[in-house]
Amino acid sequence: MILIRTTDVSKVTRAVQQVLTEWDALVDKSVEVNRSAERNTDPNRCPWVGIYRTGVDYGEAPRVMGLGSGYRRQRMDFAVVVQAADPTSGEECEDRLEALIQEVTSALLSDVSLRGTVLTIDSFAVRYENYERVGGSYFQEAVVLFSATQNTSATDV
């Protein structure tokens, strides 16, 4: 009998958190980086980053002979929420958010294996989600959406 092992998605989110918390420019900016926490609603906690799982797709069984029907490519989807705030203007807030997005995306794309937990990051996009004013501060949010793949592994039992 063959036992198929899928990837623990929490190991990947922990790796994403490690990548971001060890990125020098984010450390220098004292960015708060959370994993699977409730979304920040307080501009005073910015700069803020949240890491979330959004789904897993195991795809079709491979058509290559000899791999077996249980062997699949696991595609994991993630959202990294990036938030910035500024008390002076929306433009200043945008500049802060863009600088933060640049560092988050640079950190992730500099380690596409996410500390060896995945084969690669295979899709990557940024979406601007929220523009508001909270308690006298401009408060903006973007979401970095990406997918990462890993092959399931098989072992004899």
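Definitions and cut-offs
Residues numbered from 1 in each chain as written. Predicted model: local features only at pLDDT ≥ 70, side-chain atom pairs only at ≥ 80, totals over all residues. Heavy atoms only, no water. Helix = DSSP H or I, 4+ residues; strand = E, 2+ residues; numbered from the N terminus. Buried < 20%, exposed > 50% of the residue type's maximum accessible area, 1.4 Å probe, protein only. Polar contact = N/O pair within 3.5 Å; in protein donor to acceptor, adjacent residues only side chain to side chain. Pairing = 2+ DSSP bridges. Axes fitted to C-alpha atoms, helices over the stretch in contact; angles between N-to-C directions. Parallel < 35°, antiparallel > 145°, perpendicular 65-115°, else oblique. Left-handed = near helix turned anticlockwise from the far one by under 90°. Contact = heavy atoms within 4.5 Å.

(A) Main features of the environment of Thr 88. Within the secondary structure layout, Thr 88 lies in the loop between strand 4 (73-86) and helix 3 (90-109). Classification of Thr 88 as exposed rests on a relative accessible area of 58%. When the C-alpha positions of Thr 88 and Ala 107 are compared, they lie 28 Å apart, and in sequence the two are 19 residues distant. A polar contact of 2.3 Å, which involves the side chain of Thr 88, links it to the side chain of Asp 86.

(B) Structural context of the pairing of strand 6 (residues 137-151). Within strand 6, twelve of the 15 residues are buried, leaving the element largely enclosed by the surrounding structure. By the bridge criterion, 14 bridges tie strand 4 to strand 6 in an arrangement that is antiparallel. Looking at strand 6, one finds that Gln 74 is bridged to Gln 150. Strand direction decides the pairing type here: strand 5 (residues 120-134) and strand 6, joined by 13 bridges, are antiparallel. Across the sheet, the residue bridging to Arg 133 is Tyr 138, located in strand 6. Hairpin connection, strand 5 to strand 6: the antiparallel pair is bridged by two residues, and Gly 135 has positive phi, about 55°.

(C) View of the packing of helix 1 (residues 9-21) against helix 3. The contact between helix 1 and helix 3 brings their axes to 9 Å, and the two run at 120°. By the angle class used here, helix 1 and helix 3 are oblique. Here the hand of the crossing between helix 1 and helix 3 comes out right-handed. Here helix 1 contributes Val 16, Val 19 and Leu 20 to the contact with helix 3, which in turn contributes Val 104, Ala 107 and Leu 108.

(D) A look at unusual backbone geometry. Across the junction of Cys 46 and Pro 47, the peptide omega takes the value 5°, indicating a cis bond. Within the fold, Pro 47 resides in the loop between strand 2 (32-35) and strand 3 (48-57). You will see that Ser 30, though not glycine, has its phi angle at about 55°, which is positive. Of note, the phi angle at Arg 115 is positive, near 60°, even though the residue is not glycine. In this fold, Arg 115 is placed in the loop between helix 3 and strand 5. Residue Arg 115 is classed as partly exposed on the basis of its relative accessible area, which comes to 38%.

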